[in-house]
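So you can see what is in the structure, the chains are spelled out below.
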Amino acid sequence: MSSSGDERITDEVQALEAILLKDVVVKRVGDVPKYIIETIIHPLTGDNIDQQYVCVTLEVGLSSGYPDTSPEVALKNPRGLDDMILDTINTHIQDKLKNNLGQPIVFELIGIVRDHLTKSNLPRGQCVICLYDFVDGDLFIKTQCYHYFHNHCLANHFIAGKKYYHEELEKLPTWQQMQVPPYQQTCPVCRCTVSCDVDTLKEAPPPKSSLSAPPFRLTAELKELQMKMAELLAVQVAKGGVVGMGDNGPPLLTITTTPTTDNASRNNVAGSSRDAQPGAGAGGARHSGGDAAAADTQPRPPYRGPYRGFNRRGKPGRRGRGAR
Ligand SMILES: [Zn+2]
Ligand SMILES: [Zn+2]
């Protein structure tokens, strides 16, 4: 470590702040100054930020030995990028670091990441609603939180979600209906509030892959899987591990009844005051494993996951994918 090393760090940090302005966050940590530089990197798309489908946060830690030692580099919060692309970027970064010891490197790292994002500016992976990949010709939407869905799928998701909300609302006494927050679209992945025009979305054709897929059949194997999933859901609900949207009921794992071993009582855990929420609505009888759940006649804690699912024909299904 040398003072000239420290000066080189502060010079580079100041240059980054001067050029990237509000796009960079520099944190100074510890007595031995260490800088953590964070910047969200997007692909180059000119001024058209609507065309940016991927992004990632580059975090670089500069400690006192830098630049004579390599900085710690991490890619965080990737959006629209799969592991393969992240691995490729990481390999490229490590090569760069190895070959450029002794030189300020942060700008070059930003450049490397940005080049990769510009080349890979299409969301990778599946639409989590239909589970089909995005293929050429599919119409898809990027939400404000950088999650991706087929327009068709997201439209159906919101239509089903709103219908379900109103069905649950109508079950409540009027005085409770007044207290319920209004319906709000939320991202099926992260539950961030989003705002999408459903009328426009629903004009999109179904995902291309769904058109060539073999017709859906509810096989015995699938039925068995449904039963298992229903049982698993019931266990999770009973443990308070399923949170409803807009749910401002008691905190998780609040026990509102004396615990006993029978199912009916277990299912009342954390249930009572959340029952006031239509948004937190469905009891066990609504989910797909009818037989497994049918034995429970007691109200169970509310489940309202963000994803209600659709059947293969693209119609909103209230009971999850694959249910009849
Ligand atoms: Zn989809
Ligand atoms: Zn999201």
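Residues numbered from 1 in each chain as written. Chains lettered and ligands numbered in written order. Predicted model: local features only at pLDDT ≥ 70, side-chain atom pairs only at ≥ 80, totals over all residues. Heavy atoms only, no water.

An unreviewed UniProt entry annotates the protein chain as E3 ubiquitin-protein ligase RNF25 of Bombyx mori.

**Some details on the confidence of the model for the protein chain**
The line we're drawing: Per-residue confidence from the predictor is given as pLDDT, running between 0 and 100. Contacts are assigned to residue pairs that have any heavy atoms within 4.5 Å of one another.
Confidence along the protein chain averages 77 in pLDDT terms, with 73% of residues attaining 70 or more. Here residues 261–297 scores under 50 on pLDDT; set against residues more than four positions off or in separate chains, the count is 95 contacts. A low-confidence stretch, residues 302–324 (pLDDT under 50), is modelled with 78 contacts involving residues beyond four sequence positions or located in other chains.

**Observations regarding the coordination of the zinc ion (ligand 2)**
Applicable threshold: The donor set comprises N, O and S atoms within 2.8 Å of the metal, extended to 3.2 Å for Na, K and Ca; water molecules are omitted, so apparent gaps in a site may simply reflect that omission. Here the metal geometry follows the donor angles, with tetrahedral for four donors whose angles all fall between 85 and 135 degrees, square planar for four and octahedral for six when opposite donors are more than 155 degrees apart and every other angle is between 65 and 115, and irregular for all the rest. Buried, partly exposed and exposed residues are distinguished by accessible area as a fraction of the type maximum, computed with a 1.4 Å probe on protein chains only: under 20%, between the cut-offs, and over 50%, respectively.
At this site the zinc ion (ligand 2) is bound by Cys145 (SG), His147 (ND1), Cys187 (SG) and Cys190 (SG), with donor distances of 2.1 to 2.3 Å. In this structure, the zinc ion (ligand 2) is surrounded by four donor atoms whose angles at the metal cover 102 to 114°, and the resulting shape is tetrahedral. Exposure remark for Cys187: the relative accessible area of 0% places this residue in the buried category. Of the residues examined, Cys190 reaches a relative accessible area of 32% and is grouped as partly exposed.

**So, the packing of aromatic side chains**
Rules: Pairing of aromatic rings covers Phe, Tyr and the six-membered ring of Trp, with a centre-to-centre limit of 6.5 Å; geometry is then stacked below 30 degrees between planes, edge-to-face above 60, and tilted otherwise.
Under the counting rule described, the total for this entry stands at five aromatic pairs. In textbook terms, an aromatic cluster arises when at least three aromatic residues are bridged by ring pairs, as seen for Tyr53, Phe134, Phe140 and Tyr148.

**Considering helix α3 (residues 106–119)**
We count it as follows: Only DSSP runs of H or I reaching four residues or more are called helices, and only runs of E reaching two or more are called strands; each is numbered from the N terminus. For a helix, the expected span equals 1.5 Å multiplied by the residue count minus one. The arc in question is the one spanned by the directions pointing from the helix axis to the C-beta atoms.
Its 14 residues give α3 an end-to-end C-alpha distance of 20 Å, which sits within 8% of 20 Å, the value for a rise of 1.5 Å per residue. Taken as a whole, α3 has its buried residues at Val106, Leu109, Ile110, Ile112, Val113, His116 and Leu117. Mapping the buried residues of α3 onto a view down its axis gives an arc of 160°, with all of them on the same face.

**Notes on the sheet that holds strand β1 (residues 24–29)**
The following threshold applies: Here, a strand pair is defined by DSSP locating no fewer than two bridges between the strands. Think of each axis as a best-fit line through the C-alpha atoms, taken over the contacting stretch in the case of a helix, with angles from 0 to 180 degrees between the N-to-C directions.
Reading across from one edge, β1-β2-β3-β4 is the order of the four strands in this open sheet, with antiparallel pairing throughout. Looking at the sheet topology across the chains shown, the edges are occupied by β1 and β4 (72–79). The mean angle between the axes of side-by-side strands here comes to 15°, regardless of whether they run parallel or antiparallel. Examined bridge by bridge, β1 and strand β2 (residues 34–41) share six bridges and lie antiparallel to one another. Considered in β2, the bridge of Val25 is made with Glu38. In the packing of helix α2 (residues 83–99) onto the sheet, contacts are made with β3 (55–62) and β4, and the angle to β4 comes to roughly 160°. Strands β2, β3 and β4 of the sheet are contacted by α3, whose axis makes an angle of about 160° with β3.

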